[in-house]
Amino acid sequence: MHTSQLLRITALSVALGVTIAATGCSATPTRASAGEVIDDTWITTKVKAAFVEDKTVSALNIQVETFRGTVQLSGFANSAAEIQRAGEIARSIRGVKDVKNDIRLKTSVN
């Protein structure tokens with residue numbers, strides 16, 4: 001196993017444990033149930049892992065959050081192609097219901 005894979009698995013395990021401990025079993029309009037949190041954590045992890053594997057998308061500059069199957073992407077990209085590709089990747093992950101692509105294009109300061 002590569003170091004990056006071990007880091008991803010460790011991060012997922014920690015995030016999952018903290019999330020489960022911090023949430024109850026029932027959902028409210030602003031809080032997901034334990035099952036939804038597990039699904040959302042899985043989706044977030046899969047999207048981030050796909051970003052790491054993709055040559056167009058910078059996984060370090062784009063944040064991913066998931067709530068009830070809706071993925072929100074944010075951060076800064078080097079090109080419009082990177083913004084578009086990040087959205088495509090997120091939509092391709094099983095379980096994603098919608099993608100809110102809030103990634104912004106970096107602007108150069110002269």
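Residues numbered from 1 in each chain as written. Predicted model: local features only at pLDDT ≥ 70, side-chain atom pairs only at ≥ 80, totals over all residues. Heavy atoms only, no water.

Q: Let's hear about the overall build of the protein: which residues, and what values?
A: Helix and strand counts for the protein come out as three helices and three strands. Traced from its N-terminal end to its C-terminal end, the protein shows the element sequence α-α-β-β-α-β. Once local pairs closer than 6 in sequence are excluded, the contacts in the protein between residues at least 24 apart make up 58%. (Helix = DSSP H or I, 4+ residues; strand = E, 2+ residues; numbered from the N terminus. Contact = heavy atoms within 4.5 Å.)

Q: Explain helix 3 (residues 80-92) to me, and be specific about the residues and the numbers.
A: Between its first and last C-alpha, helix 3 extends 19 Å over 13 residues, near the 18 Å set by a 1.5 Å rise per residue. Listing the buried residues of helix 3 in full gives Glu-82, Ile-83, Ala-86, Gly-87, Ile-89 and Ala-90. Along helix 3, the residues classed as buried sweep out an arc of 160° about the axis, all on the same side. Exposed side of helix 3, more than 90 degrees from the buried face: Ala-80, Gln-84, Arg-91 and Ser-92 are the residues found there. (Expected span 1.5 Å × (residues − 1). Buried < 20%, exposed > 50% of the residue type's maximum accessible area, 1.4 Å probe, protein only. Arc of directions from axis to C-beta.)

Q: Before we move on, could you go through the pattern of salt bridges and cite the residues and values that matter?
A: Counted by the stated rule, this structure contains three salt bridges. The partner of Arg-85 in a salt bridge is Asp-54, with the nearest N and O atoms 2.9 Å apart. On the criterion of sequence distance, the pair formed by Arg-85 in helix 3 and Asp-54 in the loop between helix 2 (34-53) and strand 1 (62-67) is long-range, its members being 31 residues apart. With a relative accessible area of 31%, Arg-85 lands in the partly exposed category. Of the residues examined, Asp-54 reaches a relative accessible area of 15% and is grouped as buried. Across the salt bridge formed by Arg-85 and Glu-88, the nearest N and O atoms sit 3.5 Å from each other. (Salt bridge = Lys/Arg side-chain N within 4 Å of Asp/Glu carboxyl O.)

Q: Lay out the pairing of strand 1 with the relevant residues and their values.
A: Residues Ile-62, Val-64 and Thr-66 point to one face of strand 1 and are all buried, whereas Gln-63, Glu-65 and Phe-67, pointing to the other face, are not buried. Here strand 1 runs beside strand 2 (residues 70-77); their pairing, made up of six bridges, is antiparallel. When the sheet's bridge partners are listed, Phe-67 is paired in strand 2 with Thr-70. What sits between the antiparallel neighbours strand 1 and strand 2 is a turn of two residues, in which Arg-68 has the positive phi angle 50°. (Pairing = 2+ DSSP bridges.)

Q: Go over unusual backbone geometry with me, naming the residues and quoting the values.
A: Not every positive phi belongs to a glycine, and Arg-68 is a case in point at roughly 50°. Its location among the elements puts Arg-68 in the loop between strand 1 and strand 2. Given the relative accessible area of 26%, Arg-68 is considered partly exposed.

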